[in-house]
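Analysis of the macromolecular model
Okay, here's what each chain looks like letter by letter:
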Amino acid sequence: MQTKLAIDLNLTQEAISSYETERVTPSADILIKLADYFNTNIDYLLCRTNYDLPISDIKPTNINEEQFQLLNKINKLSETDIAKVEGYIDGLNSK
């Protein structure tokens, strides 16, 4: 995995290893590349948040924390499982 990541980001495998073992802190430019590569946000890479969504998908202002956590979980489901969740919600709403 380190080798592929290094090739994809035009870095050395040693650099990737240094970042993973926290011997070296990546520069802002490298953090941006890593966040884009893994489709996440820099705060997640730096362990400042548990939200691994890309920055553009981070919490809108019109939902509360519990709703956002639920959306984050749903975002990780397969399309089939999302359809099951929607069916379950529809059933609850029709009571």
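Residues numbered from 1 in each chain as written. Predicted model: local features only at pLDDT ≥ 70, side-chain atom pairs only at ≥ 80, totals over all residues. Heavy atoms only, no water.

As annotated in an unreviewed UniProt entry, the protein is Helix-turn-helix transcriptional regulator from Candidatus Onthousia excrementipullorum.

Along the backbone of the protein there are 6 helices and 0 strands. Compactness check: the protein gives a C-alpha radius of gyration of 18 Å against a globular reference of 12 Å for 95 residues, more than 25% above the reference. Taken along its principal axes, the extent of the C-alpha atoms in the protein is 60 × 25 × 20 Å. Expressed as a percentage of the 95 residues in the protein, the buried residues total 23%. Excluding contacts between residues fewer than 6 apart, the proportion of contacts in the protein whose partners are at least 24 apart in sequence is 14%. A total of about 7,300 Å² of accessible surface is found on the protein, and carbon and sulfur atoms cover 52% of it. On the protein, the mean spot of the 9 positive side-chain charges and the mean spot of the 15 negative ones are 4 Å from each other. (Helix = DSSP H or I, 4+ residues; strand = E, 2+ residues; numbered from the N terminus. Rg over C-alpha atoms; globule rule 2.2 N^0.38 Å. Buried < 20%, exposed > 50% of the residue type's maximum accessible area, 1.4 Å probe, protein only. Contact = heavy atoms within 4.5 Å. Areas by Shrake-Rupley, 256 points an atom, 1.4 Å probe, with all protein chains shown as cover. Lys, Arg positive; Asp, Glu negative; His and termini not counted. Charge placed at Lys NZ, Arg CZ, Asp CG, Glu CD.)

As a further point, take the UniProt feature "domain: HTH cro/C1-type" (unreviewed entry) in the protein. Summarizing the sequence annotation, UniProt attributes the feature "domain: HTH cro/C1-type" (unreviewed entry) to residues 2–45 in the numbering used throughout. From the first C-alpha to the last, residues 2–45 spans 16 Å; its make-up is 68% helix and 0% strand. (UniProt positions renumbered as here; feature names shortened; annotations may be inferred.)

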